[in-house]
Every structure is written in structure tokens, then in C-alpha cells.
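Spelled out, the chains give:
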Amino acid sequence: MSDVESTEASLATREQVLARIREDSRFVLATHENPDGDALGSLVGMHGLLTALGKESAIFIAPEDMPLPDEYQDFPLDGLISSPPADVAERTVVFLDCGNIDRNSASVLRDGMHLLNIDHHHDNTNFGTLNYVVPEACCTAEIIWDLMHDLGVRPSPTIAQALYVGLITDTGRFMYENTTPRAHLMAAELIEAGVDVPAVYERLYENVQPAKLTLLATALQHVQRFDSGELTISSLSTEDFSRAEAEESYSEGIIDHLRAVRGTRVAALVRELSGPDRKGQRKVSLRATDDAVDVSAIARAQGGGGHRRAAGFTTALELGELIVFLRSQIAVQLHASSDGRAAATLV
Ligand code: 5GP
Ligand code: MN
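(A) Expanded view of the nonpolar core. By size, the foremost hydrophobic cluster in this structure holds 51 residues, and its most contacted members are Met46, Ile118 and Leu163. Looking at which element gives the most residues to this core, the answer is helix 4 (residues 157-170), with 8 residues. Those residues in contact with Ile118 that sit more than four places away from it in its chain are Val17, Met46, Val94, Phe95, Leu96, Asp97, Tyr132, Thr140, Ile143, Ile144 and Leu147. Counting 21 residues, the second largest nonpolar core, distinct from the first, contains Ala268, Leu286, Val295 and Phe313.

Printed below as a string of C-alpha cells:
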């Protein structure tokens, strides 16, 4: 089986990316806000790769993204920095798993001479000076894994474990449609390289904080279904979070329960955001159950983005307005093939 390759002409080739990595000696790595398993796994994997090549590498995570959620606190963040290095302009800045730079809390890094954008979101805005976007990759960690082969680096157990976290979180533990044969080949190779599989799963999915269960219970109480259940939606207010004594990240995974309900085409979880600069803002997570609805298109219409079956956006719309918006967007897409007029209004 051939390795994944970028397909679009406007994108950088793997050779160009490899050349940049070989040529430069100093790097700084960044990812999107609220970094998830793939974001962190890719950061740690890339840092390990560069370090193995004898390069100087720093991992930038913005102070507002720290501390990391509990389940990610085992990540070995050697070389972590929380402000840009003084010589940032002379370094190659590598953005990992970032669909667009606005979603990046590392915007302070955007002025670098060389911005290497490595990602697997099909709607990546190509904000880098070198854009290596591989939508066929199930996770950004898979792209790092490929680069590692090309550069002749064998993953240490630490790198293997980091990449494995990216792999299992972005494929939903080998459940989503992006679970390719390569995803399993990658898993096999990483396990051979030293991943402690049960320890990783336990860390990520067990040892659940009781407050997380309370938050889930609240979200399940707030479920609403529309249009024969085509849209299954729930919402959590800031009071729900404080009553449950839950942190923001505890809502991770709730949406999987909504998507699993029979008849659902789109699942949505709406979270009210807290903090002075985010008051009145809501974060919307979207999931599609099949390819009939592209939720990334719905998210883009509100300034967000993501994958066809998993996307999100932040909005000032009230819950009621959001429901109206989502129902109409879903209707347009589901009935677009039989209604040309509706298709034309799809953003
Ligand atoms: P989640 O719902 O788990 O937060 O995000 C699911 C997917 O949607 C992520 O992989 C991410 O790519 C995308 N996503 C979520 N929120 C946003 C957003 O505000 N902007 C963009 N561009 N993508 C988002
Ligand atoms: Mn990803």
C-alpha cells in the first residue's frame, strides 16, 4: 500500500516538507486551541522526531491552554514554552493539526519566515508558507509517522505512545470512517515500538472524574430531538458546569452519546462559554452519522470548520436561533439532491 500523499497542486509536496526539516536546525511547534489527543500526540511526536535528528525544537502551548485536561497530563512535554522564543523569526514554525490559524492560540507565532502547516483537515485554509495537508490521513499523527519513516527515525516508546494517542482519539478508538487499513498498520507498528496499550486506554477513557458523570447526566436530561430525530441536540450552560463542578473539558465525549441515538443524522452539543472575553459565546460541536450531511460546511457557515463528520464553531447565537439554523442547514443538505434551489442556498 502506498503512503498517503497530498493531492492538490497548491499544496507542498512531501519532498518539500522533508527538505525544510533537513535544512533548518531550529523549530518551534504549535497546535490549535484546546489541544486534543491528536494535537498533543503530533506535537510530542514531531518534537521527538526533530530531537532525534539533532535539531533544536520547542513546543509552544499558550498559557490559557494549560493545565491540560487530566487525561493528557501524562504527555511528556519536554521543551515546553509558553511564550514565543526570542529567535522565533529565524525558526521554522510548525503548525500541527490546525485547520486555520485563527483557531490557533499561537497567533503570536504567525510572523515567522517559514510557517510549515501540517494537517489533515480537508478545509485547511493553507495559511502556511508551506502547506502539507493530507485529508486522507486519519490523524495528523499519521502524517508525522510517515515523515518519521522518510527521515529514517525509529519511534522511541515515548514517541510511539504519543502518536498512538493521536491515532486512537481521532479515529474514535478505530470506530470512525477514517479508520483505514493504514490506521491499523500504524497501530501495529507503534505497539511493536513500545506502546503500553491498556495503560493508554485507561488513562484516556477510564479513571473518569465523578463530575464528568454528573455533567453527562445533565446533558442527557437536556436532549432535544427535531425532525423525526434527524437532529439530536443537547446543551450545557455555565451553571450546569459549575453545579457539576466540572471543567470545560469534561464535556468531551458527550456528543458520542447523542450521535449514537437511532435516527440521528446530526448530533450537536452546545456549550455556553465562560470568562469575561467569551461571555454570550457558545461552542457548538457537530457530528454526522454518515456522508449525507457534511457538518464541516455547516460549521464553516458560522466561521468554524472541521471534518465532514466532526466539526465545530463558536457563535453568539442563542440556543433557539441555533436550533433554527441547524435544522435548516440539515434540511438543505439532506434534500439538496432532489431540490436544486435548496442546494444553491447551501453556504
Ligand atoms: P470537537 O467537536 O471535538 O471540539 O471538534 C471536532 C472537530 O471539529 C475537530 O477535529 C476540529 O477539527 C473541528 N473544530 C471544532 N471546533 C472548531 C472551530 O471552532 N473551528 C474550526 N475550524 N474547526 C473546529
Ligand atoms: Mn486531528
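Additional details are given in the paragraphs that follow.
(B) Spatial organisation of the site of ligand 1. Around ligand 1, 14 residues are found, and the nearest of them are His121, Lys283, Ser285, Arg287 and Gly305. At 3.2 Å, a side-chain N or O of Asn100 approaches a nitrogen atom of ligand 1. At 2.9 Å, a side-chain N or O of Arg287 approaches an oxygen atom of ligand 1. Calculation on ligand 1 without its partners gives an accessible area of 490 Å², and the protein chains cover 84% of this total. Breaking the shell around ligand 1 down by element, the ones donating at least two residues are strand 10 (282-288), strand 11 (305-306) and strand 12 (310-315).

(C) Layout of the packing of aromatic side chains. Tallying each qualifying case throughout the model produces 5 aromatic pairs. Judged by centre distance (6.0 Å) and plane angle (35°), the ring pair of Tyr201 and Tyr205 falls under tilted. Of this pair, Tyr201 and Tyr205 both sit in helix 6 (residues 197-205), separated by 4 residues, roughly a single helical turn. Judged by centre distance (6.3 Å) and plane angle (80°), the rings of Phe313 and Phe325 are edge-to-face. Of the two residues, Phe313 sits in strand 12 while Phe325 sits in helix 11 (residues 319-334), which places them 12 residues apart along the sequence. Residue Phe313 is classed as buried on the basis of its relative accessible area of 1%. Three or more aromatic residues joined by ring pairs form one cluster here, namely Tyr164, Tyr201 and Tyr205. Seen from the ring of Tyr205, Arg173 lies directly overhead, with NZ or CZ sitting 3.5 Å from the centre.

(D) View of the environment of Pro84. Note that Pro84 resides in the loop between strand 3 (80-81) and strand 4 (92-96). Each C-alpha atom of the pair Pro84 and Ala62 lies 9.3 Å from the other, and the pair is 22 residues apart in sequence. With residues up to four places along the chain from it excluded, the contact list for Pro84 reads Phe60, Val108 and Leu109.

(E) Structural detail: the pairing of strand 9 (residues 266-272). A large share of strand 9 lies buried, amounting to 6 of its 7 residues. As judged from the 6 bridges shared by strand 8 (residues 231-236) and strand 9, these two strands associate in the parallel manner. Looking across to strand 9, one finds that Ile233 is bridged to Ala268. Pairing of strand 9 with strand 10, which is carried by 7 bridges, proceeds in the antiparallel orientation. Across the sheet, Leu269 pairs through a bridge with Ser285, a residue of strand 10.

(F) Inspection of the pattern of salt bridges at higher detail. Using the criterion set out here, one finds 24 salt bridges in the structure. Here Arg300 makes a salt bridge to Asp123, at a shortest N to O gap of 2.9 Å. Taken as a pair, Arg300 in helix 10 (residues 295-300) and Asp123 in the loop between strand 5 (114-119) and strand 6 (130-133) lie far apart in primary sequence, 177 residues in all. For Asp291, the salt bridge goes to Arg309, with nearest N and O atoms at 3.2 Å. With Asp291 in the loop between strand 10 and helix 10 and Arg309 in the loop between strand 11 and strand 12, this residue pair connects regions lying 18 residues apart in the sequence. According to the relative accessible area criterion, Asp291 is partly exposed, its value standing at 42%.

How each quantity is defined
Residues numbered from 1 in each chain as written. Chains lettered and ligands numbered in written order. Predicted model: local features only at pLDDT ≥ 70, side-chain atom pairs only at ≥ 80, totals over all residues. Heavy atoms only, no water. Core = buried A, V, L, I, M, F, W, Y, C linked by side-chain atoms within 4.5 Å. Buried < 20%, exposed > 50% of the residue type's maximum accessible area, 1.4 Å probe, protein only. Helix = DSSP H or I, 4+ residues; strand = E, 2+ residues; numbered from the N terminus. Contact = heavy atoms within 4.5 Å. Near = heavy atom within 4 Å. Polar contact = N/O pair within 3.5 Å; in protein donor to acceptor, adjacent residues only side chain to side chain. Areas by Shrake-Rupley, 256 points an atom, 1.4 Å probe, with all protein chains shown as cover. Phe/Tyr/Trp six-rings, centres within 6.5 Å; stacked < 30°, edge-to-face > 60°. Lys NZ or Arg CZ within 6 Å of the ring centre and 35° of its normal. Pairing = 2+ DSSP bridges. Salt bridge = Lys/Arg side-chain N within 4 Å of Asp/Glu carboxyl O.

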